[in-house]
Amino acid sequence: MGRRLRYIPPGGCVVEVTNRTLQGRYLLKPSEELNNLLIGVLGRAQRLYGVTLHACVVLSNHYHLLMSVDSALQMAQFMAYFQGNLAKEAGRLYKWRGPFWHRRYQHVLVSEEEAAQIGRLRYILVNGCKENLVSSPLDWPGVSSTQSLLAGHQLSGIWIDRTLTHAASAKTKKDRSRFVQSETVSFSPLPCWKHLPLRVQQQRVRELVAEIEAETAYRHQAEDSQPLGALKVLKLDPHDKPLHPQWSPAPLLHCVSKQVRDALRESYECFYSAFRQAADRLRAGDLGAVFPEGAFPPPRPFQHPIRAPG
């Protein structure tokens, strides 16, 4: 099956973006150094490409970002920068060579409905608990927006200018502080909560966290089990992978009502149809084929150079 087209409705929307490491290996295992580097990469990508982040969580082998974007191009540029630099930094730290990501990132459109947006926020908050790793979203030792959403502060990390590092002399490299910059990640309220005072937003997040904690405790009590715990998470070998990975295909949309779902699906199908028609014309040799706005056209067919006679 081909990859889903990158599509953002005109005017932008909220999207949930996710990806997994190669074979689900623990190449994003939390550590103080990786957390700082990861936040630095994410903060720099946010500053350069202007996406609006609402929530995030990074587990040992996958991540989720909830954000608002204006266009597919903005999303693609942001994700290319974020994933490319994160793979380099984590690979360098954990001594991993070769492909880092299992596939291209997947993005799922989130409707303007309040229930849909809160549902995706809750899903991000519950990561770590639903995998039986920790008993509370606040206990996850990796990068997460939970504390920031509750307290209203930014995440702070570092960005290392590798270009200057490589160009520097061996003596200069010993003073790494010359190549380190501070970067921050800021979170904005969900569009459905923008009209609410900050304290009300924080209270609603607090209620979601308490609900998740209660559900997690009840499940462990019913199953006579307990979470792995943050200390054991930190001791995982980043090159290891789960014995029984559980992957499920991402949907095209996150909606609540059938009416909204049908409207968004129809919008995507019109975009897809226009893209396929243009691609077919291009494949047939029509170099003037027009693709729908916001699309990423395929490469144009190779043309042999025209040789002058004689």
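See above for the structure.
Residues numbered from 1 in each chain as written. Predicted model: local features only at pLDDT ≥ 70, side-chain atom pairs only at ≥ 80, totals over all residues. Heavy atoms only, no water.

J.: Honestly, the side chain of H64 in this entry has me stumped. Any pointers?
T.: If you trace the backbone, H64 turns up in strand β3 (residues 62–69). The exposure class of H64 is buried, given its relative accessible area of 7%. For H64, the side chain forms a polar contact with the side chain of E16, separated by 3.1 Å. Apart from residues no more than four positions distant in its own chain, H64 is found in contact with E16, V17, T18, A55, C56, V57, Y123, I124 and N127. (Helix = DSSP H or I, 4+ residues; strand = E, 2+ residues; numbered from the N terminus. Buried < 20%, exposed > 50% of the residue type's maximum accessible area, 1.4 Å probe, protein only. Polar contact = N/O pair within 3.5 Å; in protein donor to acceptor, adjacent residues only side chain to side chain. Contact = heavy atoms within 4.5 Å.)

J.: Would you mind showing me how to read the side chain of T146 here?
T.: Checked against the element boundaries, T146 lands in helix α4 (residues 146–151). Owing to a relative accessible area of 3%, T146 belongs among the buried residues under this scheme. With residues up to four places along the chain from it excluded, the contact list for T146 reads L125, P137, L138 and V209.

J.: Got a minute to help me understand the environment of R20 in this structure?
T.: Examined against the element boundaries, R20 turns out to sit in strand β1 (residues 13–20). You can call R20 buried: its relative accessible area is 16%. As for R20 and F100, which are separated by 80 residues in sequence, their C-alpha atoms are 8.9 Å apart. Once residues within four sequence positions are removed from consideration, R20 is found in contact with N61, H62, W101, H102, Q246 and W247.

J.: Got a minute to help me understand the pattern of salt bridges in this structure?
T.: Opposite charge on two side chains allows them to pair when their charged atoms are near. With the rule as written, the count across this model stands at 12 salt bridges. Here E215 ties to R122 by a salt bridge, and the two come within 2.8 Å at their closest N and O atoms. One end of the pair, E215, is in helix α7 (residues 198–223); the other, R122, is in helix α3 (residues 114–126), and 93 residues separate them in sequence. Judged by relative accessible area, E215 falls into the partly exposed class, the value being 42%. A salt bridge links D262 to K258, with the nearest nitrogen and oxygen atoms 2.7 Å apart. (Salt bridge = Lys/Arg side-chain N within 4 Å of Asp/Glu carboxyl O.)

J.: Even after reading the chapter, I still don't get unusual backbone geometry, so can you show me in this structure?
T.: With the exception of glycine, most residues fall at negative phi, and the peptide bonds are largely trans. Backbone geometry places Q23, a non-glycine residue, at a positive phi of 60 degrees. Its location among the elements puts Q23 in the loop between β1 and α1 (32–49). With relative accessibility at 35%, the residue Q23 sits in the partly exposed group. Here the phi dihedral of K95 falls at roughly 55 degrees; this positive angle occurs in a residue that is not glycine. Looking at the element boundaries, K95 is found in the loop between α2 (72–93) and β4 (106–110).

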